[in-house]
Amino acid sequence: MQGNGTEVTAADIARLAGVGRAAVSNWRRRHADFPKPVGGTETSPAFALSEVEEWLRDQGKLAEVPLKERVWQQVTGHPEGPVTALVHTGCALLLLHERPLTWLELSAVPDDGELAGILSGALGEVLTPRFGPPGGPAVPRPRPAEILPSVPLLRGATELAADLGARQTFEFLLARHLDANPRQYTLTPGELAELMAELAGPARSVLDPACGTGALLRAAATRPDQELYGQDSSGELAALTALRLALRTGSTVRTAPGDSLRADAYEHLRAEAVLCHPPFNERNWGHDELAYDPRWEYGFPARTESELAWVQHALARLEDGGTAVLLMPPAAASRRSGRRIRADLLRRGALRAVIALPVGAAPPYNIPLHLWVLRRPGKASVPPQLLLVDAGRLVPEGRSGFDWAAVRTAVIDAWRPFDRTGQTAERPGLSRSLPVIDLLDDDVDLAPARHLPPPAAGGGAAELTAVREHLGETLRLAADLTPPLAEEARPARWPLTTVGELARGGALVLRTGGNGPHARVLTDHDVLAGTAPSGTLPETGEPAVLVEAGDVVVPVLGGGGIARVIDEETAGAALGRNLTLLRPDAAALDAWFVAGFLRSTANSRQASSYASTATRLDVRRLQLPRLPLDQQRRYGERFRALAAFEDALRRAGRLGERLVRGMYDGLTDGTVAPD
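Notes on the structure follow.

Each value, and the rule that gives it
Residues numbered from 1 in each chain as written. Predicted model: local features only at pLDDT ≥ 70, side-chain atom pairs only at ≥ 80, totals over all residues. Heavy atoms only, no water. Helix = DSSP H or I, 4+ residues; strand = E, 2+ residues; numbered from the N terminus. Rg over C-alpha atoms; globule rule 2.2 N^0.38 Å. Buried < 20%, exposed > 50% of the residue type's maximum accessible area, 1.4 Å probe, protein only. Areas by Shrake-Rupley, 256 points an atom, 1.4 Å probe, with all protein chains shown as cover. Phe/Tyr/Trp six-rings, centres within 6.5 Å; stacked < 30°, edge-to-face > 60°. Lys NZ or Arg CZ within 6 Å of the ring centre and 35° of its normal. Pairing = 2+ DSSP bridges. Contact = heavy atoms within 4.5 Å. Axes fitted to C-alpha atoms, helices over the stretch in contact; angles between N-to-C directions. Expected span 1.5 Å × (residues − 1). Parallel < 35°, antiparallel > 145°, perpendicular 65-115°, else oblique. Nonpolar A, V, L, I, M, F, W, Y, C, P; charged D, E, K, R; others polar. Salt bridge = Lys/Arg side-chain N within 4 Å of Asp/Glu carboxyl O. Polar contact = N/O pair within 3.5 Å; in protein donor to acceptor, adjacent residues only side chain to side chain. Core = buried A, V, L, I, M, F, W, Y, C linked by side-chain atoms within 4.5 Å.

With that out of the way, let us pick up the overall build of the chain. When its secondary structure is counted, the chain shows 22 helices and 22 strands. Over its C-alpha trace the chain gives a radius of gyration of 29 Å, about what one expects of a compact globule, namely 26 Å for 675 residues. Judged by the C-alpha coordinates and their principal axes, the chain covers about 90 × 85 × 40 Å. Of all 675 residues assigned to the chain, the portion counted as buried reaches 50%. Counting every atom, the chain has about 31200 Å² of accessible surface; 51% of that belongs to carbon and sulfur.

Laid out in structure tokens, this is it:
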């Protein structure tokens, strides 16, 4: 595969060679023949990929750059930027996907300039039928001069697709780009997108007026005869969404660039379903120029109520009886400036459900977002009830994340009977249907938690008694596990080795996490808190790293000092981001011995580095003493006992908090007597 002058950073070089960033810095200092920077800045220099490859091979540090990494480096080093590179790559992969023989013939053309001319015409024959006539689609046919710089990248990407598949290759590259630029994009997690699509139900035509990277339309794409419409203020995202959908489905795909509120590309569309994750808290949404817009059937939104503008836009693009599901900030359910619009949505039967999600369901992750389910009123009678669900209560004790399957089950079990009959059985603290007339007061406050009857405090007095007994047993266990005082000894002077040396010698395997997707993901917070796997990972096109019993997992952010030995219950989960896995050879290393010594404060301090306000642990630099296996096991048993003591303390803390909270709730709501 030909090069294209791609530049790489020190972090990219470290990834290519499978080493830490510090190793690259050492190479630059120690080797006079290390490639000189060709760009970048003094603090973040860039190097020519071809020169770096040659140097790494000459030093015996690299046999060959993996094809995935080479293609990714060509994406990031594209002269027109990574997004243009991704769009051109998506076009070529779509051609390969739909007309593999055509691409096979084209790829045999040796000259890049000649190939660019022929390829431009061939792409037009694929893009126009899929995305619309020239001048209209979000993915116009690239001209030969535009696509010429991308030809080496396209050769590599299609070669990679021979192994991964066209769709998986595009998903891998797009996921890498999104992961490398987290602040540029507001993403909708896959589990949330699937829940929103399920609430909307199967639909022949689906619109997302703020489509972003296309997560909601991907979740809704379940039938081959669908029509999928998307619009985004970023033309680049509209193009990426179109290509992503076209590689995934044979449905009609139409996306358009532009602000849906100010420049609606689908003014005459009436879809069966609308899914939307709109931008939140936008003051400049078009309040001044859209005052007389016909979409404001339920009232003209205030300048501070951009979300209610998106709600009415979604309703205006639905056919009668069609369903819209929007992700909303919780303030939209209670702000006084929006109470008149909320009241009219209720009176006319347009708002059908408000569902509070757990904290962390989607960005911004620090607040419990809401889902609004709306239906465009038809000629049928207006339903007199509103469904209210508070799924935030489903976060288990001591967990940082939550079980998406439990959230989905609770929400769908409440929504389906309500959707059929207009009512649902009341579940205290979780869900109920409420007469609309009861909500039409001065505030029209639709926050679910304010209208749901509370569950019995801690499950009632009997449950609190059980919690108290469990707490007593845990405290007794913690007392039994309290480590005995050790005899005073002189500091040891063991011969030391590093994790990096052990990995090179085959005594352990070193892996990093962050690929997916997977149903159970062990996060860095799970490791720090000692809780069960609770996270999720996006689809990256790469297999997840699954943990096994006996593995040692170390968080690399936050200063170190933590290492967790994987047990049978956690085994099989995927390794999350910012975690490093050490898999010791049981014939050479005891897992508990490794984990115990890795937790040494001095060990973590000497292996840590600092970047701005973050502390990062270079796991390869962590040290272990060279001890015989029988002596390792003696230390390992002691470290195992300390870990059990630590778990008991955590359990006691959680049970104590639960008992105190339950007692306060029980005394204040009358379910527990003061005597």
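Now that the structure has been shown, we can carry on.
What follows is about the packing of aromatic side chains. With the rule as written, the count across this model stands at 13 aromatic pairs. Among the aromatic residues, ring-to-ring pairing joins W494, F593, F597, Y635 and F639 into one connected group. Here the guanidinium or amino end of K68 rests over the ring plane of F172, the centre of that ring lying 4.9 Å away.

Let us now look at unusual backbone geometry. With an omega dihedral of -5°, the bond running from P363 to P364 counts as a cis peptide bond. Tracing the backbone through its elements, the reader meets P364 in the loop between β9 (351–356) and β10 (370–375). Positive phi outside glycine occurs at N281, with the angle close to 55°. Mapped onto the fold, N281 is located in the loop between β7 (271–276) and α14 (306–316). Positioned with a positive phi, V444 is a non-glycine residue whose angle comes to about 45°.

Spatially, the 4 strands line up as an open sheet ordered β14-β19-β16-β17, and their pairing is antiparallel. Strands at the two margins of the open sheet, each flanked by one partner only, are β14 (508–512) and β17 (564–565). Pairing analysis gives 2 bridges linking strand β16 (residues 552–555) to β17, with the strands arranged antiparallel. Opposite V553, over in β17, you have R564 as the bridge partner. In the packing of helix α20 (residues 591–598) onto the sheet, the strands contacted are β16, β17 and β19 (579–584), and the crossing angle to β16 comes to about 15°.

Its 17 residues give helix α5 (residues 82–98) an end-to-end C-alpha distance of 24 Å, which sits within 8% of 24 Å, the value for a rise of 1.5 Å per residue. Taken across its 17 residues, α5 has 13 buried, putting it largely inside the fold.

This next bit is on the packing of α5 against helix α10 (residues 166–180). It is the contact of α5 with α10, at a shortest axis distance of 9 Å, that shows an interaxial angle of 170°. Comparing the axis directions of α5 and α10 gives the class roughly antiparallel. Seen from α5, the contacting residues are P82, V83, L86, T89, G90, L93 and H97; seen from α10, they are A166, T169, F170, L173, L174 and H177. A per-class count over the contact of α5 with α10 returns 8 nonpolar, 5 polar and no charged.

We now examine the sheet that holds strand β1 (residues 7–8). The antiparallel open sheet is built from 3 strands, whose spatial order is β1-β3-β2. The open sheet has two edge strands, β1 and β2 (39–40), and neither has a second partner. Inspection of the sheet shows β1 paired to strand β3 (residues 45–48) by 2 bridges, in the antiparallel sense. Note that in β3 the partner of E7 across the bridge is A48.

We now examine the environment of R254. Note on placement: R254 falls in strand β6 (residues 252–257). Taking C-alpha positions, R254 is 9.5 Å from T241, a pair spaced 13 residues apart along the chain. The contacts of R254, once residues within four sequence positions are left out, are P129, R130, F131, G132, L228, Y229, G230 and Y266.

This part is about the pattern of salt bridges. Across all of its chains, the model carries 36 salt bridges by this definition. Here R262 makes a salt bridge to E289, at a shortest N to O gap of 2.7 Å. One end of the pair, R262, is in the loop between β6 and β7; the other, E289, is in the loop between β7 and α14, and 27 residues separate them in sequence. On the basis of relative accessible area, R262 is assigned to the partly exposed category, the value being 34%. Salt-bridge contacts for E305 lead to R335; the nearest nitrogen and oxygen are separated by 3.0 Å. With E305 in the loop between β7 and α14 and R335 in the loop between β8 (318–328) and α15 (339–347), the pair connects residues that are 30 residues apart, well separated along the chain. What you see here is one network of salt bridges that share partners, running through E297, D320, D344, R348 and R376.

This next bit is on the side chain of R335. Polar side-chain contacts of R335 include one of 2.8 Å to the side chain of E307. For R335, the residues in contact, after removing those within four places along its chain, are N281, T304, E305, E307 and R342.

Turning our attention to α20. Extensive coverage of α20 is indicated by the burial of 8 of its 8 residues. Of the residues making up α20, those classed as buried are A591, W592, F593, V594, A595, G596, F597 and L598. Looking at where α20 begins, the residue whose side-chain oxygen comes 3.1 Å from the main-chain nitrogen of W592 is D590.

One finds L119, F131, L199, L275, L327 and L371 to be the most contacted residues of the largest nonpolar core, which totals 88 residues. Per-element accounting of this core gives the leading share, 10 residues, to α5. With 43 residues, the next largest nonpolar core counts W285, A314, A333 and L346 among its residues.

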